[in-house]
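Single-letter residue listing:
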Protein chains: 2
Amino acid sequence: MKKILILLFAFQVILFSQNSKTPADYVNPFIGTKDMGHTFPGATVPFGMVQLSPETDTVLFTYGKGYNPEVYRYCSGYQYDDNTIVGFSHTHFNGTGHSDLGDFLIMPTVGDLQINPGTKNDPDSGYRSLFSHQTEEAHPGYYKVKLDDHKITAELTSTERVGFHKYTFPTSDSSHIILDLTSGIYNYDGKVVWSSIRVENDTLVTGYRQTNGWARTRLLYFAMTFSKQIESYGLVNKKELIYKGFWRKFNQNRNFPEQAGHEIVSYFNFKTEDGEAILIKFALSAVSTKNAIDNLQAEIPHWDFNKIKLLAKQKWNDELSKITIEAEDERKVNFYTSMYHSFMNPIIYNDVNGEYRGLDQNIYKADGFTNYTIFSLWDTYRALHPLYTILQQQRTNDIVNSMLAHYEQSVHKILPVWSHYSNENWCMIGYHAVPVIVDAYMKGLRNYDVKKAFDAVLSSSNYKPYDGIGYYKKYGFVPEDLNSNSASKTLEYSYDDWTIYKFAESIGEKKIADEYFKRAQSYKNLFDPVTKFIRAKNSDGKFKEPFDALSTANQGYIEGNAWNYSLYVPHDVKGFINLLGGKEKLITWIDSLFTMHISDESFAHSEDVDRAGMIGNYVHGNEPSHQVPYMYCYAGEPWKTQEKIHQIVNSMYKNRPDGLSGNDDCGQMSAWYIFSVLGFYPVAPGSNEYVVGSPCVESAVIKLENGNQFKIETENYSKKNIYIKEVYLNGKVLNRTFIKHEEIISGGTLRFVMSSTPNKDWVSEESSYPYSLTK
Amino acid sequence: MKKILILLFAFQVILFSQNSKTPADYVNPFIGTKDMGHTFPGATVPFGMVQLSPETDTVLFTYGKGYNPEVYRYCSGYQYDDNTIVGFSHTHFNGTGHSDLGDFLIMPTVGDLQINPGTKNDPDSGYRSLFSHQTEEAHPGYYKVKLDDHKITAELTSTERVGFHKYTFPTSDSSHIILDLTSGIYNYDGKVVWSSIRVENDTLVTGYRQTNGWARTRLLYFAMTFSKQIESYGLVNKKELIYKGFWRKFNQNRNFPEQAGHEIVSYFNFKTEDGEAILIKFALSAVSTKNAIDNLQAEIPHWDFNKIKLLAKQKWNDELSKITIEAEDERKVNFYTSMYHSFMNPIIYNDVNGEYRGLDQNIYKADGFTNYTIFSLWDTYRALHPLYTILQQQRTNDIVNSMLAHYEQSVHKILPVWSHYSNENWCMIGYHAVPVIVDAYMKGLRNYDVKKAFDAVLSSSNYKPYDGIGYYKKYGFVPEDLNSNSASKTLEYSYDDWTIYKFAESIGEKKIADEYFKRAQSYKNLFDPVTKFIRAKNSDGKFKEPFDALSTANQGYIEGNAWNYSLYVPHDVKGFINLLGGKEKLITWIDSLFTMHISDESFAHSEDVDRAGMIGNYVHGNEPSHQVPYMYCYAGEPWKTQEKIHQIVNSMYKNRPDGLSGNDDCGQMSAWYIFSVLGFYPVAPGSNEYVVGSPCVESAVIKLENGNQFKIETENYSKKNIYIKEVYLNGKVLNRTFIKHEEIISGGTLRFVMSSTPNKDWVSEESSYPYSLTK
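This structure is a prediction, so every number in the text was calculated from the model and none was measured. (Residues numbered from 1 in each chain as written. Chains lettered and ligands numbered in written order. Predicted model: local features only at pLDDT ≥ 70, side-chain atom pairs only at ≥ 80, totals over all residues. Heavy atoms only, no water.)

Topic: the sheet that holds strand 18 (residues 276-285) of chain A
All names here are of chain A.
- Sheet architecture is open: nine strands sit in the order 7-8-9-10-18-14-13-12-16, paired in antiparallel fashion. On the outer flanks of this sheet lie strand 7 (137-139) and strand 16 (258-261), each paired with one strand and no other. Sheet twist, expressed as the average angle between the axes of neighbouring strands with direction ignored, equals 15 degrees. (Pairing = 2+ DSSP bridges. Helix = DSSP H or I, 4+ residues; strand = E, 2+ residues; numbered from the N terminus. Axes fitted to C-alpha atoms, helices over the stretch in contact; angles between N-to-C directions.)

Take a look at the structure:
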């Protein structure tokens, strides 16, 4: 049996090499690196803590002194239009709309020592270098570029916790490697609360930095080792400490092995021959320098760069090949790049010995699970986590366990909202860890303490000081005068509460189920029968005035307007249709949404909403409307869903640097694409249903962790044949606009017969529409 | 056997109670709290990490903006002449001349809430309170005072890691307990690098603060629990963070359970009845809040204040009764207070689970030893550590192990210089951990890795970047133009090196012994045959000019002048006599030293040198001359030692707040007193000899850890009979001016026959003088 497996594996390798292209070869890490995508092109492995990537600029965040919109553009540190590279840092977010990280920037240079980054307009004023895309290469787990100013070729690869740098130098008596502890993303003067560095010996350096940013108290430790002995070095404190103590007896800036303070830049000098490579292994730990050293030794015990590069690619292929598709190359590139982006965040957040820093800053040992961090939940509960329930079942259990650990360590006793690196950053709204957990639970992923999970979802949905929950419970909606963005909050709480209703019902907690059944309909309290929109109310029960259905500013919606946000009723579309007065009203609404004109002014104050991500007034570049194209299926016109899916797939995802129409948001944009391309989408996670859209591939095979395969096949699929004529599940006609999670997991075949014209008779029975709370 | 021990113990207790006064009852913690002593009166247990004591003022250190001499007065937070108490904090140094600490200041108040301390001159401007010494009480392990402004009686006691507060309130609807995380000793704006606080539930609060002071990077965590539920509270960030993040959605200042930032003051509100006591248990940990909670639960699992108070007293009596003396009450008070002060620093520095923060900031588990910190080694290697080799043998092994752990965690690979709380603060000079270790080793205290200890002393004495060691090795002295205080450094390195010579010789490392035999005589390189002083030389080999033998400023001596410092040759007094040209020269020198006039100007720049601690030009209030009175014994005139000892004992140690003539310096001043009162002193630790002075008690019994007793008896002892006529060791005439360590440890009796006139014939043979390297 073992032999056969090895043979199979060998066969696969041969297939790949003969077949020339592996899934990883289709990935284009530059997609999304221009404008709104906020992705980064650097080297990482799936869910790796180290995401080693170039910064093309470091813009200071000037909160409180007038907001600098440039900062937003640099959420991932990289913008494709730039022509300089500041250096290579070890941590990045994939596609966020706010930021942090960019820790431990390394830059190799030659010539006069410079310890300031310099400016974009005058790169010679600092250590940064000009570069061109001609010399740049990026593949999963590998990045390469020529630093023109220094004539250095930089190559990067990575394991989960260790970044591996290879810098090929010219001949020089003054080659340097800069490690800038002050550099960071969303940086501001004072962000580095404290930092420390120690030259342990002539190849090993350790240290840490503590920052106060999006994460209020963030500690990250490192261990860095060079392949070559350091000739000389300096650990420079650019901002003198007020209190110098008796350290002043040393010249700490030059060849003195330890330094601490707020603004430390270090340099390490070498002599190099032409073509000589200096390699750096750079390990991270959130716990200690000791653990960073352990991580380093455990993950890369040698200096074979190519071996780690190949291993990184193999790790990606292991993940990416969980789905194979047949489609034109452009689609394959976008699809595998979406898969790639879907498996970047969250990240593994414990050391090789299992230790991690908890939310309370105490050190814990992950017991029986892998701990994860970076939960951009307002984004990712929609499609990314549901995608994981199919492709990453074990990780989903780990993620639930990580969230329950967060809950236990939380002084508020609530689940994460937007959490990263032992911190709750409180960004955006909702308690969307709840649907993530309930969705996993409902789908049978239960390798965690279910009782604790139930306690956690109840506790999170009842924590009064958070975002108007106290008012929500009292009034049945969040009053805008007491807590802003109240319409969005009320809508999302309603959905989240519906998942708790499902959970409670499932475990037989009838009384609680009844309570949340009621809470799940809170959105109705904000329905305005006159304008037909979900609108913000004040605590006097009156709608907030003046009302502007198109504006995203001060209307009670967060990053959205009434036209888009009112449709956020994923668990009760039928209930909403009833409010509207019939499904035709919903059809008209969505039709209009996609075609109407909206002025720039309407969304000028919402930086996450951008013309590039819009079709009419429908905003695909941001999350609140991601379910909207599928809502036609709840109103008996699934062919319109089919049409819109192809329109969005074709127009909003392109194989080019500006190919993403909005922030990737830790993979949510990508997950939407993966589902939609396959032909179905999780409109209401927790329902165990996926609403059927329209496949954008000839065929696809999903390889499941249980060994089963779920196949998507098409007949007559072409660019024009985007409408469904018939659907067959395991050979039987599918007369409903949804498929069930268990149907996927059991393995089988979903066969679409396509047509260039809509089949308006497919699924005419209302009982075959997807789940709604209201029957 | 067990029964007998219990009976004996019971008998002892009865004896104490019948006899009315235990050793602890003689202790007056107020000695040294006025002017130069820098002691504190608060509650602590022997070597306890928690040293819970009132601050009578909090003066801001303004380093770099003109030094404020007031700061120096508040090294321990308390000055007896003050009439306000700011609050009670948990960490203090005993008698240092520089400072830090004062962590976690608690203040109970009544009435309008005030979160600023207010000023000494206008106490109503803040939470501080007037108090008077009439209501103040201090005993080992217990402190009490009435806070007049608030009509609150404050009582404090402690275990090793937990402070126990008892505040008896008047009737009030607005009683408060303030916890000020910004308060500190040697404080300055910006000292708190970061702090954090969490209200875990309605009685438990946790948090930490990270400071940048004398300790460059110091982290201390706490767990605090109230005996009564908190009614309401506020965690106020007095200095708004630049970056507010999404925390701004909360009102963090009022009843919100977590806060972090640079300047946090918290308050907890209660309603109290008249005479109602609110108790607080406050645990520390240098590792984590989790460990602080563990410490709290392990050490005080109940709310019985009186029980802990009695336990603390018992712990002190266990230590203090290691020596019993017969003497007049005033002497007993000074003696037991000296014992008390000798057992305060170093402190236990690991949690109940054995974990501690190492010098490299990693967390370690103390394996087979108790970890200690606070090593004021320039002071304490002289007499305090030698005292421990008699009274604290197990702790001496622990201390050596703690120092070796420091060595291993040091990036410089050297032993502590002046270390506290996981930090080397680099204060003062020398590598005096070396004599501490060698002294322990030579005396047979070897429960540590001797090989590692030897490596550590070699490494410490060869670390070139530290205080001119590189130059010292090159030139045979430290050149003043290259490294200041060079004469002091050369003298002290010579002594330290001599101990390495002894160590090397003992373990048969002949080559190394030879090298250090030579290094031990480096002091000779600075002897000026013209002026007869040890003087600073520059790297050109010439003595630094102009020379002022009386000045303590810029002459190459640290906190001393040529007159005093030149005599620092404890290991080779004979060698120095030879340089001088005969022992009469030394006699004349010391005679003059004690009688000559010195102007205030001469020591105006040395804050540790004060008229109160001087006899002529001899400075007893500071350390460099502590061996000087005993040097007569090396020149054949021991009666002059006898005379001076009584003069110093009588004039420099008084039972009153200003009773200490200089900084207690973590017990060195006290240890000098204990030895001298007993009749001998360790002039050259490492020699295993104690130079005989003159007893200042009728009798004394030292109870040793091996069960032996060493008795000091006198005949004809009186205030006038201070001279030795004869000495008998175990009944045999002692014809030498020293006793050996093994003679003490073996147990026995040292009997002094006293006289009102010197016996100039006692020990006339030069071969019976104490050890000198030069025979």
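Concerning the relation of the copies chain A and chain B
- For these two chains of identical sequence, chain A goes onto chain B by a turn of 180 degrees and a shift of 0.0 Å along the axis, with RMSD 0.0 Å. Overall, the copies show the geometry of a two-fold rotation axis. Judged by C-alpha distance, V193(A) is the residue of chain A that lies nearest the rotation axis, at 3.2 Å.
- A share of 100% of interface residues in chain A that are also interface residues in chain B marks the association as one of identical surfaces. (Least-squares fit on C-alpha atoms with pLDDT ≥ 70 in both. Contact = heavy atoms within 4.5 Å.)

Regarding the interface of chain A and chain B
- Residue-level contacts link 51 residues of chain A with 51 residues of chain B.
- Here chain A meets chain B over a buried area of about 4900 Å², counting both sides, of which 57% is carbon and sulfur.
- Among the secondary structure elements, those contributing two or more residues to the side of chain A that touches chain B are strand 12 (192-199), strand 13 (204-211), strand 16 and helix 4 (289-299) of chain A.
- For the side of chain A that touches chain B, the element with the most residues is strand 12 of chain A, which contributes four residues.
- A per-class count over the side of chain A that touches chain B returns 25 nonpolar, 14 polar and twelve charged. (Buried area = accessible area lost by both parts, 1.4 Å probe. Nonpolar A, V, L, I, M, F, W, Y, C, P; charged D, E, K, R; others polar.)

A few points about the sheet that holds strand 35 (residues 748-755) of chain B
All names here are of chain B.
- The mixed open sheet is built from six strands, whose spatial order is 19-30-31-35-32-33. Every other strand in the sheet has two partners, leaving strand 19 (323-326) and strand 33 (732-733) as the edge strands with one partner each.
- Two elements, strand 31 (residues 709-715) and strand 35, share six bridges in a ladder whose sense is parallel. Bridge pairing links K711 to T749 in strand 35.

Details of the packing of aromatic side chains
Residues and elements named next belong to chain A.
- Under the counting rule described, the total for this entry stands at 121 aromatic pairs over all chains.
- Plain terms: the ring middles of W563 and W589 are 5.8 Å apart, the flat faces sit at 75 degrees to each other, and that makes the pair edge-to-face. Here W563, found in helix 15 (residues 562-565), pairs with W589, found in helix 17 (residues 583-595); they are 26 residues apart in sequence, far enough to count as distant. Comparing W563 with W589, the two get one shared label, buried.
- Within the aromatic cluster, the residues linked to one another by ring pairs are Y630, Y653, W672, Y673, F675, F680, Y681, Y690 and F710.
- Above the face of the F246 ring, R248 is positioned so that its terminal group lies 5.1 Å from the ring centre. (Phe/Tyr/Trp six-rings, centres within 6.5 Å; stacked < 30°, edge-to-face > 60°. Buried < 20%, exposed > 50% of the residue type's maximum accessible area, 1.4 Å probe, protein only. Lys NZ or Arg CZ within 6 Å of the ring centre and 35° of its normal.)

Here we look at the environment of Y167(B)
All names here are of chain B.
- Residue placement: Y167 occurs in strand 10 (residues 162-169).
- Here Y167 falls in the buried class, since its relative accessible area comes to 0%.
- As for Y167 and N68, which are separated by 99 residues in sequence, their C-alpha atoms are 34 Å apart.
- Residues contacting Y167, with those up to four places away along its chain left out, are F88, I106, P108, I152, T153, A154, L156, E276, A277, I278 and I280.
- Among the polar contacts listed, one links the side chain of Y167 to the side chain of H165, at a separation of 2.7 Å. (Polar contact = N/O pair within 3.5 Å; in protein donor to acceptor, adjacent residues only side chain to side chain.)

Structural notes on unusual backbone geometry
- Looking along the chain, the bond that leaves E545(A) and enters P546(A) is cis, with omega of -10 degrees.
- Along the chain, P546(A) turns up in the loop between helix 14 (510-519) and helix 15.
- Of note, the amide linkage connecting N345(B) to P346(B) takes the cis form, showing an omega dihedral of 0 degrees.
- Inspection of the secondary structure assignment puts P346(B) in the loop between helix 6 (329-342) and strand 20 (347-348).
- A positive phi is found at N485(A), a non-glycine position, where the angle reads about 55 degrees.
- The residue N485(A) is located in the loop between helix 12 (469-475) and helix 13 (486-506) in this model.
- One non-glycine residue, M428(B), lies in the positive phi region at around 60 degrees.
- Here M428(B) shows up in the loop between strand 25 (418-419) and helix 10 (433-442).

Quick word on empty space enclosed by the protein
- Summed over all chains, the structure comprises 17 cavities of 30 Å³ or more.
- Counted as a void, the largest cavity has a volume near 300 Å³.
- Lining the largest cavity are 27 residues, with S196(A), R198(A), E258(A), L359(B) and Q361(B) positioned closest to its centre.
- Of all the secondary-structure elements, those providing two or more residues to the lining of the largest cavity are strand 12, strand 13 and strand 16 of chain A.
- Across the lining of the largest cavity, the residue classes break down as eight nonpolar, 14 polar and five charged.
- What lines the second largest cavity is a set of 19 residues, among which L359(A), Q361(A), S196(B), R198(B) and E258(B) lie closest to the centre.
- Mapped by element, the contributors of at least two residues to the lining of the second largest cavity are strand 12 (192-199), strand 13 (204-211) and strand 16 (258-261) of chain B.
- Of the residues in the lining of the second largest cavity, the class split is four nonpolar, nine polar and six charged. (1 Å grid on protein atoms, 1.4 Å probe; cavity = no way out; pocket = protein on both sides within 12 Å on 5 of 7 lines; lining within 4 Å. Points joined across faces, edges and corners; volume = space filled by probe spheres on them.)

Observations concerning the packing of helix 10 of chain B against helix 13 (residues 486-506) of chain B
Residue and element names in this part refer to chain B.
- Running from N to C, helix 10 and helix 13 point in directions that differ by 35 degrees, and their axes come no closer than 9 Å. Considering the relative orientation of helix 10 and helix 13, their crossing is left-handed. Taken together, the residues of helix 13 that come into contact with helix 10 (itself represented by V434, P435, V438, Y441 and M442) are Y495, D496, T499, I500, K502, F503 and S506. (Left-handed = near helix turned anticlockwise from the far one by under 90°.)

Focus: the pattern of salt bridges
- One pass over the structure, following the stated rule, counts 74 salt bridges over all chains.
- In this structure, the salt-bridge partner of K574(A) is E766(A), at a minimum N-O distance of 2.6 Å. Taken as a pair, K574(A) in helix 16 (residues 573-580) and E766(A) in the segment after strand 35 (748-755) lie far apart in primary sequence, 192 residues in all.
- Looking at K574(A), the relative accessible area reads 21%, which means it is partly exposed.
- Exposure remark for E766(A): the relative accessible area of 37% places this residue in the partly exposed category.
- A salt bridge links K322(B) to E705(B); its shortest N-O distance comes to 3.9 Å. Placement of K322(B) in the loop between helix 5 (305-320) and strand 19 and of E705(B) in the loop between strand 30 (699-703) and strand 31 is noted, with a sequence separation of 383 residues between them.
- One connected set of salt bridges, linked through shared partners, spans D57(A), D82(A), K120(A) and R128(A). (Salt bridge = Lys/Arg side-chain N within 4 Å of Asp/Glu carboxyl O.)

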